[in-house]
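# Structural characterization, general
Here's the letter readout for the chains.
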Amino acid sequence: MCRRRELYFAGRHRRMMQEIEGSLLGLLLYSVMITLFSAVRSQAFAQDAGRFFQIMWRGLSWLVGGILGVGRSVAGISIYISHPIVSKILYGILEWGTAILLTSGITAVLVWIFYEGVKAYAECFGDWISAVIWIASGAVLVFFGDWIRKAVPVNLVLLLLGVHGIYMGLRWYLYKKAEG
């Protein structure tokens with residue numbers, strides 16, 4: 001009789017925990033939605049997000065231009081070939097081959113770094129606390145973005161990333177300190 005009662009309460013406790021987790025997920029999604037809608041309407045945050053992505057696009061354009069420049073430099077070897085048609089074919093092969101090799105190599109390295117970073121983040125920081133920190137810091141920056149920018153002239157997207165970076169560093173430090 002006592003074992004049956006323990007099983008009843010264990011099952012009831014499990015259902016209650018599932019309901020609480022479902023409610024927390026609902027609140028989390030609701031707060032993300034409200035923060036995103038407010039970010040779209042916030043002029044300061046929208047301008048900073050636009051600037052952030054413009055800078056990222058300029059950096060990518062510079063990188064592509066550099067890769068094509070390296071390809072053209074390597075392809076310059078072909079001018080020493082006396083036959084004009086073979087020289088042009090070799091120029092194209094060298095230029096685009098170098099560009100494709102560099103692009104695929106850089107892409108592979110970046111994808112590997114991103115994959116390892118996401119895996120490490122999921123292992124160490126992928127929990128409710130991190131999600132709440134992201135949403136809370138994002139909400140504060142969205143709702144108080146104008147006042148923050150008047151006090152500190154900084155890009156709000158970079159500030160959001162910096163706040164979360166500081167949080168991860170502090171959490172990692174406390175984890176290592178508690179570990180021994």
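These numbers were taken from a predicted model, which means no experiment stands behind them.

### Quick look at the nonpolar core
Ala39, Ala44, Phe45, Ala49, Phe52, Leu141, Val142, Leu156, Val157 and Leu160 form the largest nonpolar core, which has 10 residues in total. In this structure, Ala44 is in contact with Gly145, Asp146, Arg149 and Leu156, ignoring residues within four places of it in sequence.

### What to know about the packing of aromatic side chains
Following the criterion strictly, the structure yields two aromatic pairs and no others. When the centroid spacing of 5.3 Å and the interplanar angle of 80° are considered together, the rings of Phe52 and Phe53 count as edge-to-face. By relative accessible area, which is 15% here, Phe52 ends up buried. The exposure class of Phe53 is exposed, given its relative accessible area of 56%. Measuring from centroid to centroid gives 5.5 Å for Phe144 and Trp147, while their planes differ by 20°, and the two rings are stacked. Judged by relative accessible area, Trp147 falls into the exposed class, the value being 58%.

### Some remarks on a nonpolar patch on the surface
Nonpolar side chains collect at one region of the surface, where Tyr30, Met33, Ile34, Phe37, Val140, Phe143, Phe144 and Trp147 lie side by side and expose about 850 Å² of accessible area between them. Only helix H1 (2-41) and helix H4 (128-143) provide two or more residues apiece to the nonpolar patch. In terms of residues, the nonpolar patch owes the most to one element, H1, which gives four residues. On the basis of relative accessibility, which here comes to 33%, the residue Ile34 falls in the partly exposed class.

Reading guide: rules and limits
- Residues numbered from 1 in each chain as written.
- Predicted model: local features only at pLDDT ≥ 70, side-chain atom pairs only at ≥ 80, totals over all residues.
- Heavy atoms only, no water.
- Core = buried A, V, L, I, M, F, W, Y, C linked by side-chain atoms within 4.5 Å.
- Buried < 20%, exposed > 50% of the residue type's maximum accessible area, 1.4 Å probe, protein only.
- Contact = heavy atoms within 4.5 Å.
- Phe/Tyr/Trp six-rings, centres within 6.5 Å; stacked < 30°, edge-to-face > 60°.
- Patch = residues over 30% accessible without salt bridge, like charges linked within 9 Å, V, L, I, M, F, W, Y side chains within 5 Å.
- Areas by Shrake-Rupley, 256 points an atom, 1.4 Å probe, with all protein chains shown as cover.
- Salt bridge = Lys/Arg side-chain N within 4 Å of Asp/Glu carboxyl O.
- Helix = DSSP H or I, 4+ residues; strand = E, 2+ residues; numbered from the N terminus.

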